[in-house]
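Residue strings, one per chain:
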Amino acid sequence: ALPDEAVPDVQQEMRPKAAPARAPAPAFIPPTVFKVAEDGWSERYTMDGAPYYYNEKTEAVSWNCPDSLKDTDELQHEGGNWRWCPDPEDAWVPGREVEPGVCITEKGERVELTAKDPNWPIMMSSLRHLEQDLVMIDDMNEGLIIHNLRGRFAEDKIYTAVGTILISVNPFKRLPLYMPSIMEMYYRSGGNKRLPPHPFGIADHAYKSMRHEGKHQSILISGESGAGKTEATKQCLAFFAEVAGSETGVEQKIIEANPILEAFGNAKTGRNNNSSRFGKFMEIHFDHHGKIMGARTENYLLEKSRVTFQMEGERNYHIFYMLCTGSRAQEFGLTASMDHHRFLNQSGCFEVAGMDDRQEFQEVLEAMDCLGFTPEEQAFIFRTAVAVLLLGDVQYTFNDKQDAAVITNPDLVQRIAGFLSVDPAEFAESLKSRWFVIRGQAPTKIPFKPDEAVAAADACAKAVYGKLFDFIVERVNKSMIIPSGSANFIGVLDIFGFEIFETNSFEQLCINFANEKLQQHFNEYTFKLEERVYQSEQIKFLHIDFIDNQPILDMIEKKPKGLLVQLDEEIVMPKGTDETWFNKINKEYEKSKHFGKIVKKRGHFIVHHYAGAVPYDSAGFLEKNRDSLWPDISKALAESKDKSVAEMFSGADDAGKGRGRTLGGQFRGQLSALMEKLRSTAPSYIRCIKPNSLKSPDVFDSVMSLQQLTYAGVFEAIKIRQQGYPFRLTHSEFVRRYKCLALRDGGWLPLKNRKGVPLIKELLGLTKQDFSDVQIGRSMVLYRAQQHRVLELLRNLSLERVCLIVQRWARGCLARKFRAKLLRCRPVLLKALQTRNSLAETTSAIEFVESTVGTYSRVFPYKTREWLDCQELKRQLQERHRVTEECRACLPHDPEANFTNLERAVQAGMAIDAYPGTADQLKVFQDAKAMYDLTNNRRTCRAELRRATEEAERDTLEHNLALAVELGIGNAPEIAAAKQMVERCKQEEVICDELDRAQAQGGVRRHTDGNGALDPQAPRAAADKARGFGMRTARGVYLEQLCGFVHRLRLALQSVPWDGSEDWPAVAALVGELGLPAAPRPVAAALPPAEEGAEGEEGAEAPAEAPAVTEPVSYDEYDLRGAEEVAWAADELVYRRRQREVHSVLQQGIDELNEETLLSFAGHVRAHPFVGGPDQKARNQAVEAELIAEAERQAGRIGDVRAALEAAAASAEENALCQSIELARGLPVDHSHAVALLESLFKAQVQLAMKFHIDYGKRVEVGLILDDELAESTSASVVAQSSGATIQVVKSELVQELQTQTNALQQAVEFGQGITLASDQGRRLLDQGAALLGLRQCLVNRDWPNLEARLSTALSAQVDGPETNLAKDETTGRCTAEDCLEALRQAVADVVNPSDDYGHPSEGILETRLGQAERLEMKDLPD
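### As for the overall build of the protein chain
Of regular secondary structure, the protein chain possesses 51 helices and 28 strands. Here the protein chain holds 1423 residues, and the buried ones make up 47% of them. Sequence-distant contacts in the protein chain: of pairs separated by 6 or more residues, those separated by 24 or more amount to 69%. Summed over all atoms, the accessible surface of the protein chain reaches about 71,800 Å², with 51% contributed by carbon and sulfur.

### A word on the packing of helix 31 (residues 899-911) against helix 32 (residues 919-951)
Packed helices, taken two at a time, are described by their axes: the angle between them and the distance between them. Packing of helix 31 against helix 32 brings their axes to within 10 Å, and their N-to-C directions diverge by 125°. As far as their axial angle goes, helix 32 and helix 31 are oblique. The two elements helix 31 and helix 32 meet at a crossing, and its hand is left-handed. Contact residues: Phe899, Leu902, Glu903, Val906, Gln907, Gly909 and Met910 in helix 31; Phe925, Ala928, Lys929, Met931, Tyr932, Thr935, Asn936 and Arg939 in helix 32. Of the residues contributing to the contact of helix 31 with helix 32, the split by class is eight nonpolar, four polar and three charged.

### Overview of unusual backbone geometry
Along the chain, Lys559 connects to Pro560 via a cis peptide bond; the corresponding omega equals 5°. Assignment of secondary structure puts Pro560 in the loop between helix 16 (550-557) and helix 17 (563-572). Residue Asp698 is not a glycine yet carries a positive backbone phi of 65°. When you line up the elements, Asp698 lands in the loop between strand 23 (682-689) and helix 23 (702-711). Residue Lys768 is not a glycine yet carries a positive backbone phi of 60°. Among the secondary structure elements, Lys768 is positioned in the loop between helix 26 (756-766) and strand 27 (775-776).

### Describing empty space enclosed by the protein
Scanning all chains against the criterion turns up four cavities of 30 Å³ or more. Quantified by volume, the largest cavity comes out at close to 170 Å³. If you go around the largest cavity, you meet 15 residues; those closest to its centre are Ser222, Gly223, Phe498, Tyr711 and Ala712. When residues of the lining of the largest cavity are traced back to their parent elements, those giving at least two are helix 15 (506-537), strand 23 and helix 23. In the lining of the largest cavity, the residues fall into seven nonpolar, six polar and two charged.

### Brief notes about helix 28 (residues 839-853)
Its 15 residues give helix 28 an end-to-end C-alpha distance of 21 Å, which sits within 8% of 21 Å, the value for a rise of 1.5 Å per residue. Listed as buried for helix 28 are Thr842, Thr843, Ala845, Ile846, Val849, Thr852 and Val853. For helix 28, the elements touching its buried residues are helix 27 (785-835), helix 29 (856-859) and helix 30 (865-890). The residue sitting at the N-terminus of helix 28 and contributing the capping side-chain oxygen is Ser838; that oxygen lies 3.2 Å from the backbone nitrogen of Glu841.

### Notes on the side chain of Asp393
Inspection of the secondary structure assignment puts Asp393 in the loop between helix 11 (375-391) and strand 15 (396-399). Within the buried set, Asp393 has no salt-bridge partner at all; the shortest N-O distance to an opposite charge, 5.9 Å, is to Arg342. If sequence neighbours within four positions are ignored, Asp393 has contacts with His340, His341, Arg342, Asn409 and Leu412.

### Focus on the sheet that holds strand 22 (residues 612-617)
Spatially, three strands are ordered 20-21-22 in an open sheet, and the strand pairing comes out antiparallel. Because the sheet does not close on itself, it has two edges, and the strands there are strand 20 (595-597) and strand 22. Recorded for the sheet is a direction-independent mean angle of 25° between the axes of neighbouring strands. Here three bridges tie strand 20 to strand 21 (residues 604-609), and the two strands are oriented antiparallel to one another. In the strand pairing of strand 21, Phe595 is matched with Val607. On the sheet, helix 15 packs against strand 21 and strand 22 and is oriented at approximately 150° with respect to strand 22. Along the sheet face, helix 16 touches strand 20 and strand 21 and points at about 145° away from the line of strand 21.

### Observations concerning the confidence of the model for the protein chain
When pLDDT is averaged along the protein chain, the result is 81; 85% of the residues meet or exceed 70. Within the protein chain, the lowest mean pLDDT, 35, falls on helix 1 (residues 10-14), and the highest, 94, falls on helix 30. For the stretch residues 1-25, pLDDT sits under 50, and the model shows 32 contacts to residues farther than four places along the chain or on other chains. Low confidence marks residues 1396-1400, where pLDDT is under 50. Its contacts with residues over four positions away, or in another chain, come to ten contacts.

### Regarding the pattern of salt bridges
All told, the structure shown has 62 salt bridges when counted by the stated rule. For the salt bridge of Glu155 with Lys157, the shortest nitrogen-to-oxygen distance reads 3.3 Å. According to the relative accessible area criterion, Glu155 is partly exposed, its value standing at 42%. With a shortest N-O distance of 2.9 Å, Arg1027 and Asp1024 are connected by a salt bridge. Of the two residues, Arg1027 and Asp1024 are both situated in helix 35 (residues 1017-1029); the distance of three residues between them amounts to about one turn of the helix. Accessibility expressed as a relative area gives 48% for Arg1027, which makes it partly exposed. Through salt bridges with shared partners, a single ionic network connects Asp87, Glu89, Asp90 and Lys107.

### Topic: the environment of Gly348
Mapped onto the fold, Gly348 is located in the loop between helix 9 (318-325) and helix 10 (357-370). The class of Gly348 is exposed, set by a relative accessible area of 57%. Along the primary structure Gly348 and Met311 are separated by 37 residues, whereas in three dimensions their C-alpha atoms are 9.2 Å apart.

### Thoughts on the sheet that holds strand 6 (residues 102-105)
One open sheet holds the four strands; their spatial order is 4-5-6-7, and the pairing between them is antiparallel. Edge strands, defined here as strands with exactly one partner in the open sheet, are strand 4 (82-87) and strand 7 (110-112). Direction aside, the axes of adjacent strands within the sheet are offset by 45° on average.

### Comments concerning the nonpolar core
One recurring pattern in soluble globular proteins is that nonpolar side chains are buried together. Membership of the largest hydrophobic core comes to 215 residues, with the highest contact counts inside it found for Phe240, Phe264, Ile319, Phe382, Phe427, Phe605 and Leu637. Top contributing element to this core by residue count: helix 14 (residues 450-479), with 13 residues. Cys1043, Val1071, Leu1120 and Trp1128 belong to the second-largest nonpolar core, a separate cluster that totals 33 residues.

### A closer look at the packing of helix 34 (residues 973-1000) against helix 35
The geometry of helix 34 relative to helix 35 is characterised by a closest axis approach of 8 Å and an angle of 165° between their N-to-C directions. Between helix 34 and helix 35, the angle falls in the class roughly antiparallel. The two elements helix 34 and helix 35 meet at a crossing, and its hand is left-handed. Residues Arg984, Gln987, Glu988, Ile991, Glu994, Leu995 and Ala998 of helix 34 form the contact with helix 35, whose participating residues are Ala1018, Pro1019, Ala1022, Ala1023, Lys1025, Ala1026 and Phe1029. When its residues are assigned to classes, the contact of helix 34 with helix 35 shows nine nonpolar, one polar and four charged.

### Remarks on helix 12 (residues 410-420)
Residues of helix 12 that are buried include every one of Leu412, Val413, Ile416, Ala417, Phe419 and Leu420, and no others. What you see down the axis of helix 12 is that its buried residues fit within an arc of 160°, all on one side. Those residues of helix 12 that are buried lie in contact with helix 11, strand 16 (404-407), helix 13 (424-430), helix 14, helix 20 (631-638) and helix 21 (643-649). Backbone geometry just after helix 12 places Ser421 at a positive phi near 60°.

### Here we look at a nonpolar patch on the surface
Taken together, the side chains of Leu804, Ile805 and Val806 define a hydrophobic patch exposed on the protein surface, amounting to about 270 Å² of accessible area. Looking at where Leu804 falls in the secondary structure, it is placed in helix 27.

### Quick look at the packing of aromatic side chains
Within the structure shown, the criterion is met by 35 aromatic pairs. A ring pair is formed by Phe320 and Tyr465, whose centres lie 5.5 Å apart and whose planes are at 35°; its orientation type is tilted. Pair noted here: Phe320 is in helix 9 and Tyr465 is in helix 14, with a separation of 145 residues, a long-range link. With relative accessibility at 1%, the residue Phe320 sits in the buried group. Ring plane angle 85° and centroid distance 5.8 Å describe the contact between Phe506 and Phe621, whose orientation is recorded as edge-to-face. Of the two residues, Phe506 is situated in helix 15 and Phe621 in helix 19 (residues 621-626); the sequence distance between them amounts to 115 residues. There is no split in this pair, since Phe506 and Phe621 are both buried. One residue, Arg315, lies across the ring of Tyr321, its end atom 3.9 Å from the ring centre.

### Considerations on the environment of Trp867
For Trp867, the position within the fold is in helix 30. Between the C-alpha atoms of Trp867 and Ala845, which are 22 residues apart in sequence, the distance is 9.1 Å.

Rules used in this analysis
Residues numbered from 1 in each chain as written. Predicted model: local features only at pLDDT ≥ 70, side-chain atom pairs only at ≥ 80, totals over all residues. Heavy atoms only, no water. Helix = DSSP H or I, 4+ residues; strand = E, 2+ residues; numbered from the N terminus. Buried < 20%, exposed > 50% of the residue type's maximum accessible area, 1.4 Å probe, protein only. Contact = heavy atoms within 4.5 Å. Areas by Shrake-Rupley, 256 points an atom, 1.4 Å probe, with all protein chains shown as cover. Axes fitted to C-alpha atoms, helices over the stretch in contact; angles between N-to-C directions. Parallel < 35°, antiparallel > 145°, perpendicular 65-115°, else oblique. Left-handed = near helix turned anticlockwise from the far one by under 90°. Nonpolar A, V, L, I, M, F, W, Y, C, P; charged D, E, K, R; others polar. 1 Å grid on protein atoms, 1.4 Å probe; cavity = no way out; pocket = protein on both sides within 12 Å on 5 of 7 lines; lining within 4 Å. Points joined across faces, edges and corners; volume = space filled by probe spheres on them. Expected span 1.5 Å × (residues − 1). Polar contact = N/O pair within 3.5 Å; in protein donor to acceptor, adjacent residues only side chain to side chain. Lys, Arg positive; Asp, Glu negative; His and termini not counted. Salt bridge = Lys/Arg side-chain N within 4 Å of Asp/Glu carboxyl O. Pairing = 2+ DSSP bridges. pLDDT = per-residue confidence, 0-100. Core = buried A, V, L, I, M, F, W, Y, C linked by side-chain atoms within 4.5 Å. Arc of directions from axis to C-beta. Patch = residues over 30% accessible without salt bridge, like charges linked within 9 Å, V, L, I, M, F, W, Y side chains within 5 Å. Phe/Tyr/Trp six-rings, centres within 6.5 Å; stacked < 30°, edge-to-face > 60°. Lys NZ or Arg CZ within 6 Å of the ring centre and 35° of its normal.

Below, the structure is given as structure tokens:
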């Protein structure tokens, strides 16, 4: 036995892998204290954590929780009468009976039950357990069965057992249930271990039964289209191929046959994307050792009508779409789109989701190659399939004169005839006419009408495709031929399930007839044999009633009145029709309970099959049963030049001739042979269920599934199992399995009996359980699910006690034996290790250990150090032997011709240098290595000579020429060329010296050289001479290129300005051709504008880094960029660009009046000096020193001006303001970037403009005369002291002065409005200046109506001065009593509810209004 850790976790491997992996659950620790109810029941746990219940008083055990241990909620929920209620969606749902005949379901719906509804009670605890074997359910009824299947389907447990029958529910998605590890698990299963239901389990049972019992086996797989029959068949075949295998590899051919048969026999239907449209029985034959010897496939009732017609949403057979899209479409001329073909475009469906026809066709080709199909056979198969497809494209028109059909595309018919190798004219004639023969008269040609011609072509297509499919099946069988000596076989039957459509015809009658036959076989095996067991055991049992369908089979096939028998007879009748046949069977079976007539539909009848009543339409029965071609077409095909086509139609009879040739007769014969073969086998069953019609995953249609279970006879199987005794063991098996029940915690209970029935009864009595229903027969013990569960629980509890003891003893015993074996092997291993270099002795020692230890190594994976060392030594010696043989094989051969093998062998030997070996092995390696070293050195030397000759390397050539003499290859073909190249290099060196001198003289190395004479001609002449010679050395090529470039550079330098920093575009273009490093980025990019508000703030960001400077670059020896003159030109370009940028940044800082920019510029330039050639570096240092001084001087000047403005604005002294403004006018203060300076200037200007320069006393003396009206109202004494001329002069001067001051203030205000003011003080001065400007403009322009409003605005802005006093006097002198009263009220309101932002100036206005009121003698007014 393997350790527990080595047993695969079945549930883990079969669980879907979509969810993320979880950490393993902690080991279950059962509690030691149990709650005990008053009646003695307590909850216990098995060692694996499963709960069970034990009664300490009666010693009874149960898996179901008793009521005494349930809490209030459980009792309340599970209390009452629960029963199954019909439901339109879930078929059956649990419901609690609230009153007789009325239930409330778990969905909360109220259901009223009728007398016809079955009364199936529910034990609620049974709903919590989803049994993997339906025989184990508490009560057999449709509700509990469908609940169990639905629950398991939701958990992706798609397989459920009914005893030995497997129910498979199609999940319509991929599940990890078919991995090799699961295959191995089922094959290795044995003993008492129960595995989950699976097709592998069915296949394993059949395989082991065949091996042990020596009897043929069969697996019968059935179900409707889309239920998963094909997939189940594949899994069974894959299991046999994996576990049995073969000596010839035939198991792979069995697997590879599937793609071929599916391509030609499967199609997309409305129910299934890969529906098998034929039945097949595959026999897999095994030899006496259980190895696969061969296989044979028998096909049944191919749906040939699909070739010519498909329903909407369906497809024709897969092969047609594969041919149209596959790799051989061009070969057969299938270049048109698929909707061009009539046999493909009727349904509107050309593709299948998840299926790539092109890839599938490639798999078909590979499968044909695997099965040995010759290229000629493949070509014949595909040609014939293409011919069938093109037959649907033949087009006809009607010829009125001849009253006959005419083919409108004869070229297509000629192509078809070519594919079938038939006479084109004869074949075309057979598609549009036929010969009519009357005995004793000459034959008469009868032309077809267009619809008859189309029908003839369709019949030809169906016949050819049917024959082709038979040919393919027979060819597949030929590739898996069964040799003599076959012991047994396992048959796998994949056949169509029971079918009920709205319209059922001949095909459905044949299919349902086959299912009736299979159901009878199922009944015989499952029901009748069951009762025979009970009778032979002489036990009491109730007779089991089941549906015996033998009367239905007799009605269909029994001679002479069976439905199909009379249909064959009607074909040979002179005037036989569908209607005459219908009348005969209706008359024969009108009183049969299995037959019925539909009165309202003429020609329709009903057959009551075991699965239900099916209505059939007799129209077309005779024609479909005849299944023949017109003799003319058969004759043309039989005379084909293609041997395969001719053989397919060589035995075809004329239409209507030959009894037993009908399709129904053939099918009955095949079916009888199949049933005879099945009766010789022990059958297993897989019933496939389609859970929904949408082909959607995770959708379970309970009603639909329940219907299929009924058709499959599953309920009958469950019924017989539960009514009978599904669990049975022989007496000896029962004792062997349950003798452990006598073990208690204190030891074994004494047994009085030793064997037989007394011992069994004594064991059952020891349990103190109710086993009264256990039947003890003559040779068997038989019992039902309830007793089985209790027995298994008791056995598990006993095994928990005994297994620990048995395992401890067994493992100890095995360990001691294992240790003794290891000690026995140790001397042999040590001897091999001491010898060390003998592979034979080491291998013999390891084989001795393995044979001595044997299967103990499966239990104990431990190996001693000597064992491991010997295994490693063996590996090293084997590798040494392999390398030695490789080296030995290389020694006799020419090392140059065999260099690759020699190199591989020597490198392998060097990798195992530390491995042991014999002296001979080491010598062989050394000889091979010496040969390799010499050969490798010679090859390297010759390669270097070739390379150096090509690249004209004189030193390398001279060195390798000397080396070649040492290596003995002085006559190598490379030697002569190398010597010639050496001589040429010597001549080239002379020219190189001339080039070097030419480029070194007459050039520029310093800026001052530019004023002298540049000589561009000398380099050019030297370069022309070198070009004529053809320079080959690296130095020569370099100097030639350098002289040419220097010539062009000097020409460009002759035409450039040398003074200043002006750009040299022509020189820059030349330097750019060499890809020199780009000039540093502009200096301005390194100096971003200062952030607003960051001026003078602590912690402000540091200025950006200085301009990037290109570090000096070192170039290769022969790189033009490293030449002195070229480098100077590149450095000069960088220098000039830097000078332009530095000047630009400096001017920008001066223009913007930005002292921070200027100071930052100076700091950056000082911290990061120019890096370049020495000439440019010296010049740059002098120029930039002056620029730095200028930047610092301008920055100091700007700072001084701003400080003066700020101080004057703060002091508000007129002289200081005037002086600071004059100082600022020396700077260009109109630049938008001088924000701080502009604000300081504005503060000074607006404060200066707001000062009133006319003597206030002078204005009082004049009497504030501003116009004639005011002069008239002035005091007479004042007028008397002044003449009118004086008044006018003063008035004129006053107005002029006011106008001047108003203009100055307006300019200051407009200046402030046009700039950005950053401080509150600046914004407040702007508001005050604007208010004062408005007041002055009213006074100057004599705008008396608006004067009061302007005065109010000025007072609100806290403006207090001569203008405000003057305005107050003016408003007082021109105010009427009524106006004064209104203004007084407003002033009071403003004082009470101030709305301004500058304190309470309304109080001053109120005092002014009160003064007006006193002058107007308004004291007595109440306001």
